[in-house]
Amino acid sequence: MSNIFIKLPALSGTALQSSISATLEEVTFKGAPSIMFVLTGIDESKSKALTLDINWGDNSNIEYYQRDVVYDYREQSILNEVLYGKIGGSVLEEYEHTYTPTLSTQVTSLSVQFLIYFNDGFFANIFQPIRLLKESYYDSIEKLGILNTQMIGTSASNTIANLQSRFNRRTYTTFFDKD
Amino acid sequence: MSSSYTKSVSSISFPTGEYDDRFVTLDQYDSVLEQGFQVNNITALSGAKDSKINNYTSFHITNKSKLSDFLQLSSIAGDESTSFVTKLGFQRALGELDQYLYIFNSDGEVATNQQKPLGVRPLNAANSFSNNYFFEIEALNNNLLRIKHNNGIFDFYLNYSGVSLSGGEFVFYQNTDNYKEITQERNDVFRYNLDDDGYLQLFKTIGTTLTIFTLSSIPTGIVPIMAPLQPSGLNRDFNNLINIDYNLDTNKQFLNNSFISYSSKNASNLTLNTQRSSFDDNGQYMFITNYNTISSDKMPINYFALDTSRSEFNFIKRGSNLIDTPYGLPGYENRDYNNLYLGNDQEGGLTNPILNYTFYNKDVFITNGTDTYFQAPSSTYPYTKLNINDSTFVNNGAFAGPTPQLSDKIFIKRQNSTQYDNGRYLCTWLSGSSLEETGIWVDRYYYPDKITKTAALSSSARYAPALNDSVDGVDLSVADAVLAREKFFDKKSDAAIEPNIDIKYQRIGGADITEIIDSSAPLISSYDSYITSKIVRGESENICVDYTGKELTFNGSNYTSFNVQDAINDSKSFTLNFDMYLDPTVNYGFELIGNNTNRGFGIFQDQTVTPFIHVVGDYTLYIYNTDFVLLNKVEFKTKIKHVFKRSALDDYIVATAGNIYYKVNTQGNKIKLECGSGILDYYGTHMEHDHIDFISSDQKTTRMNINTMSVSALSSTEFDVYKDEMCLYDNVVDYNDTVYKLPGSKTKWENNNTFFYKVSNFIVKHNIDFGPQSFLKSNDQIVDFNILNDTIVTLTTDKYFIHNTSAVFLLSGSIGDINIPIPFNDTTFSLSGGAFTSIDWVNEYIEGIQYQYPVILAEGSDKNMYLAKGLFPTLTATALSGVYLCDNTSQNNLTNYNAINRIYNNTSIDFKLSLRNYLDTEDVLNQTISFQPSSFEPGFYNFTYRLDSLQGNSSLYINGDLYENQTFQPGKYLIQDIFSDQFFIGSTGFQSNLDLATYLRQPKYYYSKDLIVRNPFIYDRAISTEEIFAIYLSTKDIDDITLSLPGGQRTSKTEIQQFFKFNRNNSSNLIDIVVRDLNLTNSIVRDQIKTSILAEAKQFLPVGTKINNITFIDHGNS
């Protein structure tokens, strides 16, 4: 899991004077990363974020969040209140998404869009470009160990084997074709 | 890929996982590595706890995770739109009426089929069911919605037009387009925010400003506007929060594990208790592949859930350790599965795979009604010492009660001398004041020199020391007086569970409850007989049938009565407890249970019944039953002016000439006389349950209190439309506690805000909001008219006309259509040549079935008076012997149903208590506790009604929980009789220990139908809360429970019973035998062959194999 901290310098300590659009610096990942986008750093002391639309940029569904009118302390964490002073909850929390690089290209470039509506009527449109590189055996598998194997009796002694990555303990069921 | 190491393998492939259900997709992705080969990553197999291949199957135990992390449901996506119908309300401050959006025509705004105006007004401004208050919220997605109104013909959508902040307006325009095409904000599309509590906020971008739908006060009233959002703050106040009739209930992704609790109080149905259920839980899953079906490009994958919620001994219960649970509450995750053992034989393996798991909690099984001794485990990881209130026993199902006798108790061996130091320790028990509440464990101490142990067990303490108090020390002097009174006290428990400590747990059981009930000495605890009506030699007799049992169904032809009034009148307090099957769709009739006439207690439903018909002739009041049999004749000294009939069994008021007012009971006895000198020569009247308003010839309005018959002056007002138009009013109505003067006479109400009255030859329809309008005009003199629901019947001298209240003509007829049957010679005469006098309605129950029909008084051509009833146009009349038309006959209502129906309720179940001060007959206490059956699910409910005249309390408990408590002056009725008569169930009790049907001489009238009452208990005292609990619980089962104790980390194993698809040992023991082409059709021969096969098969079939079926199939021979 990797974290990307989204910040809006224009907003720290001052109210927005107009709607803004910001493109952040590109971040490069290798393999199929699970990325945690941390929006808690966006200052809400002057105006509260009402809604948040996230376009992950990889053709998955656009996600939509809105601020709870009533914050339910029975079910929700108070960490954001304690750590960041966001009283009564916030939509600017942490959002996770897993990207998978496309099969056909070496490099995939895409950008994540966060559209935040504030209660003073202004919005912030934030773009976070992401560059995905192909996975490497040495990065995302490292070494395959054999968990167990079995010959398939009905076939011409083909074998299946459960292999496990030493890197992330992911199990791969593989088919060893003898012919 | 080939290499020198894998000569026997020509390729290695990573097949794609496939799940059989096309709506479920496995979370996986292909990736081409930099090194050039392609691998398939299946999320479920990442970080798997264990993987094994055995028995032709590849197994993987997943990590603890949500199933939705591994599988996706494609059916969840799609149309996000939803719609619901609701009122749109704005809550107002205390004492003000809530405001609602409403479609109405004000300020000349035009309402057409193309557009409708929007306004704001409270609900009582029109009937709250008026369609104009209802809107359909059409939520297009999580962001946008439209507000629709349907007037029965067209759809209208709320539009806000305006490009700047000023100058916009709200109009509903007719529209028919498809919501699916809308993707962005438009004039009729708003952004919205809807919270869990049912508050909606509407937003709209105007120009570049985000605005919110807000109510604004202007000099002419309240109007909606779109107001800019405040730069700071939450923008949440009562002018922009719209209250709707729904809560936001998001659909949970149903793929994940859930732990469901049902609402325990509604035992007759399965309603989820969402507060106590847990959704979207983590779990562990076994993903499996049958490897015979794997190919180089795909493999079928299936899964099953592992039982992570089972405890050590396979109980499913609340209360796991506190390590894994969210929010620090006891949860349901008891097991962590770690690995899988399938035996050493890789091909065959074990028939039943073995799973190893870790758990932390020890189970202690407790049987109800017993004492269980056990020792705490040697490790109580993660605790070293655990207070009983921090344990999970309450969540495990420990029973909380009002006293130690009716609750679970626990005794923990004293480890050191500082424990249980206060006074004399009695026990630690789970104290809870209501069945809905979870209790807390408290220690009870008592003073053995002041109170016995048994007495200390069965009472509830009122002194509650804090946790740290040592009552023996500092507080004792302060609390001396309290201790002398209470003699014992409770303190939040000090009991703590430590490793290896000895514990005794005392679980309440059925015997404990029975003991409490047995020692409670009820007057009545079961039925011993019921009474039914039977015709004996032409006379109907009440027959008493012996019946012993605890449950009786009252089916409209039987009732029972208990002779308890003497004992209760001695004790001046009583308790009634029973279970009743409550079905909100059933109308049970008038009085279900009790003996409430002008004193006593009764449970009523339809209080609008009219058992009596009153006919007035000069000085005489004739009281008939609805078959026109004369029950009573009451003579007055002066001429009768008015008879005011109240609810069926209440006394009524008779006004006679000379300003004399009598109170007359239902048996026709004059019980009070008052000279009403405060009321002078009145014209019109208006009756309510406890008062009558009069308007006098001097235009003054006065009010008579019906209980005391005292008269007071009353201020009144005029309707705006009649101001300065009328010089003289002769009628009066009371609406929302305001008295209005009116013209006309014979006021009849259609509903809460519409009434009709007669002015010369007109009938006026008067809606309080819209004002009066001329409704009907007659060329002949209007004799009388009356309204039932939306039907209005008008009488002229010899004709009747029926319209609905929207003035649509339905039917008419003449007096000649009414027949008089003559039974002796079996012919009929017509009432032709007579004249109508008055009309009214009867509402009655016969064998529990409701009947409503008109009753008409007319004078025959023979100058005799006739009463007719039936259904229009078929009416039959009966002569009233000795009754003749007088001046005052037509002035009086026959049943007064229209007023009674307005004043009293016919759906709610009312527990009504009437107490009378015997030193002062005017001092009457009426208390009613009501509930609407529609708010209950069908099922048996336990009701306890308790009257405590010493403390001045009357309380209703439903299912052991206090529903409502009403108070009156303590001790006042300790010297009064409470009941006058026997206590009836299933019929209406009347005076002198008669039931109403017997008095009316109408057998089976006002019997209750479909009424099931079981376990009737009547006490001649106010029983304690403990006894109320106990009676409610006596029909319930007390469960055995399994306590959870922290027991350190331990491991265990479980087996899975699994049918391997390709296991060679696995075949069915049942076989079918097919006999082919014998060409036998004779079933007898076939049966003989079957018998022979069955007999011989035993000799050669393998042991354990059974024949399932023998069939005959013939091919080629039809």
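Residues numbered from 1 in each chain as written. Chains lettered and ligands numbered in written order. Predicted model: local features only at pLDDT ≥ 70, side-chain atom pairs only at ≥ 80, totals over all residues. Heavy atoms only, no water.

Draft legend 1. View of the overall build of chain B. Assigned secondary structure in chain B consists of 10 helices and 82 strands. Put simply, chain B has 1118 residues, and 50% of those count as buried. Taking the contacts inside chain B whose residues are at least 6 apart along the sequence as the reference set, 60% of them involve residues at least 24 apart. When the accessible surface of chain B is totalled, it reaches about 50,900 Å², and 48% of it is carbon and sulfur. (Helix = DSSP H or I, 4+ residues; strand = E, 2+ residues; numbered from the N terminus. Buried < 20%, exposed > 50% of the residue type's maximum accessible area, 1.4 Å probe, protein only. Contact = heavy atoms within 4.5 Å. Areas by Shrake-Rupley, 256 points an atom, 1.4 Å probe, with all protein chains shown as cover.)

Draft legend 2. A look at the sheet that holds strand S56 (residues 717-718) of chain B. Read across the open sheet, the three strands follow the order S56-S58-S57 (chain B); overall the sheet is mixed. Each edge of the sheet is formed by a strand with only one pairing partner; in this case those strands are S56 and strand S57 (731-735) of chain B. (Pairing = 2+ DSSP bridges.)

Draft legend 3. Geometry of the pairing of strand S12 (residues 171-177) of chain A. For S12 of chain A, a buried count of seven out of seven residues is recorded, marking the element as mostly surrounded by other parts of the structure. In terms of strand pairing, strand S11 (residues 159-165) of chain A meets S12 of chain A through six bridges, oriented antiparallel. Across the sheet, Asn162 of chain A pairs through a bridge with Thr173 of chain A, a residue of S12 of chain A. Counting the residues that bridge the hairpin from S11 of chain A to S12 of chain A gives five residues, and of these Arg169 of chain A lies at a positive phi of roughly 55°. Both S12 of chain A and strand S1 (residues 11-13) of chain B contribute to a ladder of three bridges, which runs antiparallel.

Draft legend 4. Looking closely at the packing of aromatic side chains. Residues and elements named next belong to chain B. Scanning all chains against the criterion turns up 67 aromatic pairs over all chains. Between Tyr102 and Tyr133 the ring centres are 4.5 Å apart and the planes differ by 50°, which places this aromatic pair in the tilted class. Of this pair, Tyr102 sits in strand S11 (residues 99-102) while Tyr133 sits in the loop between strand S13 (119-122) and strand S14 (134-139), and the two are 31 residues apart along the sequence. For Tyr133, a relative accessible area of 0% corresponds to the buried category. Plain terms: the ring middles of Phe601 and Phe911 are 6.2 Å apart, the flat faces sit at 45° to each other, and that makes the pair tilted. (Phe/Tyr/Trp six-rings, centres within 6.5 Å; stacked < 30°, edge-to-face > 60°.)

Draft legend 5. Broad picture of the nonpolar core. Residues and elements named next belong to chain B. Of all hydrophobic cores here, the largest spans 41 residues; its most connected members are Phe574, Phe601, Phe911 and Phe943. The greatest single-element share of this core, amounting to five residues, is contributed by strand S42 (residues 574-582). In contact with Phe943, other than residues within four places in its own chain, are Leu576, Asn577, Phe578, Met580, Leu582, Phe911, Phe931, Leu956, Tyr957 and Ile958. (Core = buried A, V, L, I, M, F, W, Y, C linked by side-chain atoms within 4.5 Å.)

Draft legend 6. Looking closely at the confidence of the model for chain B. All names here are of chain B. In the predicted model, chain B carries a mean pLDDT of 83, and the fraction of residues at 70 or more is 89%. When the criterion is pLDDT under 50, residues 1-7 qualifies, and its contacts beyond four places in sequence or with other chains add up to four contacts. Across the predicted assembly, pTM comes out at 0.68 and ipTM at 0.80. (pLDDT = per-residue confidence, 0-100.)

Draft legend 7. Inspection of the pattern of salt bridges at higher detail. All names here are of chain B. A complete count under the given rule lists 36 salt bridges over all chains for this structure. With a closest N to O distance of 2.9 Å, Asp490 and Arg444 form a salt bridge. With a gap of 46 residues between them, Asp490 in strand S35 (residues 488-492) and Arg444 in strand S34 (residues 440-446) connect regions that are remote in the sequence. Residue Asp887 is joined to Lys639 by a salt bridge in which the shortest nitrogen-to-oxygen separation is 3.5 Å. Of the two residues, Asp887 sits in the loop between strand S72 (874-880) and helix H7 (897-903) while Lys639 sits in the loop between strand S47 (630-635) and strand S48 (640-644), which places them 248 residues apart along the sequence. Judged by relative accessible area, which is 61%, Asp887 ranks as exposed. A network of salt bridges, in which partner residues are shared, links Glu136, Glu138, Arg146, Lys148, Asp155, Arg186 and Asp188. (Salt bridge = Lys/Arg side-chain N within 4 Å of Asp/Glu carboxyl O.)

Draft legend 8. Structural view of the environment of Leu1080 of chain B. Residues and elements named next belong to chain B. Here Leu1080 is to be found in the loop between strand S81 (1070-1076) and helix H10 (1083-1100). Overall, the relative accessible area of 25% leaves Leu1080 in the partly exposed class. Measuring from C-alpha to C-alpha, the distance between Leu1080 and Phe1112 comes to 8.4 Å, with 32 residues separating the pair along the chain. The contact partners of Leu1080, leaving out residues within four places of it in the chain, are Val1085, Arg1086, Ile1089 and Asp1114.

Draft legend 9. Broad picture of the sheet that holds strand S29 (residues 354-366) of chain B. Residues and elements named next belong to chain B. With antiparallel pairing, three strands are arranged side by side in an open sheet as S28-S29-S80. The outermost strands of the open sheet, each flanked by one partner alone, are strand S28 (336-341) and strand S80 (1041-1055). Strand-to-strand twist of the sheet, defined as the mean angle between neighbouring strand axes without regard to direction, takes the value 35°. Bridge count between S29 and S80: 12 bridges; the pairing is antiparallel. The partner of Phe359 across the bridge, within S80, is Arg1050. (Axes fitted to C-alpha atoms, helices over the stretch in contact; angles between N-to-C directions.)

Draft legend 10. How the structure looks around a nonpolar patch on the surface. All names here are of chain A. A contiguous nonpolar surface patch, about 510 Å² in accessible area, is contributed by Ile78, Leu79, Val82, Leu83 and Tyr84. Tracing the chain through its elements places Val82 in helix H1 (residues 79-84). Judged by relative accessible area, which is 59%, Val82 ranks as exposed. (Patch = residues over 30% accessible without salt bridge, like charges linked within 9 Å, V, L, I, M, F, W, Y side chains within 5 Å.)

Draft legend 11. Spatial organisation of the interface of chain A and chain B. Taken residue by residue, the interface counts 49 residues in chain A and 62 residues in chain B. Summing both sides of the interface, chain A and chain B together bury roughly 4,700 Å²; the carbon and sulfur share of this comes to 53%. A salt bridge links Glu34 of chain B to Lys30 of chain A; the nearest nitrogen and oxygen atoms lie 3.3 Å apart. The interface formed by chain A and chain B contains 16 residue pairs in polar contact (both at pLDDT 80 or more). Looking at the side of chain A that touches chain B, the elements with two or more residues in it are strand S6 (63-66), strand S8 (107-118), helix H2 (137-140), strand S10 (144-151), S11 and S12 of chain A. When the residues that make up the side of chain A that touches chain B are grouped by side-chain class, the tally is 19 nonpolar, 17 polar and 13 charged. (Buried area = accessible area lost by both parts, 1.4 Å probe. Polar contact = N/O pair within 3.5 Å; in protein donor to acceptor, adjacent residues only side chain to side chain. Nonpolar A, V, L, I, M, F, W, Y, C, P; charged D, E, K, R; others polar.)

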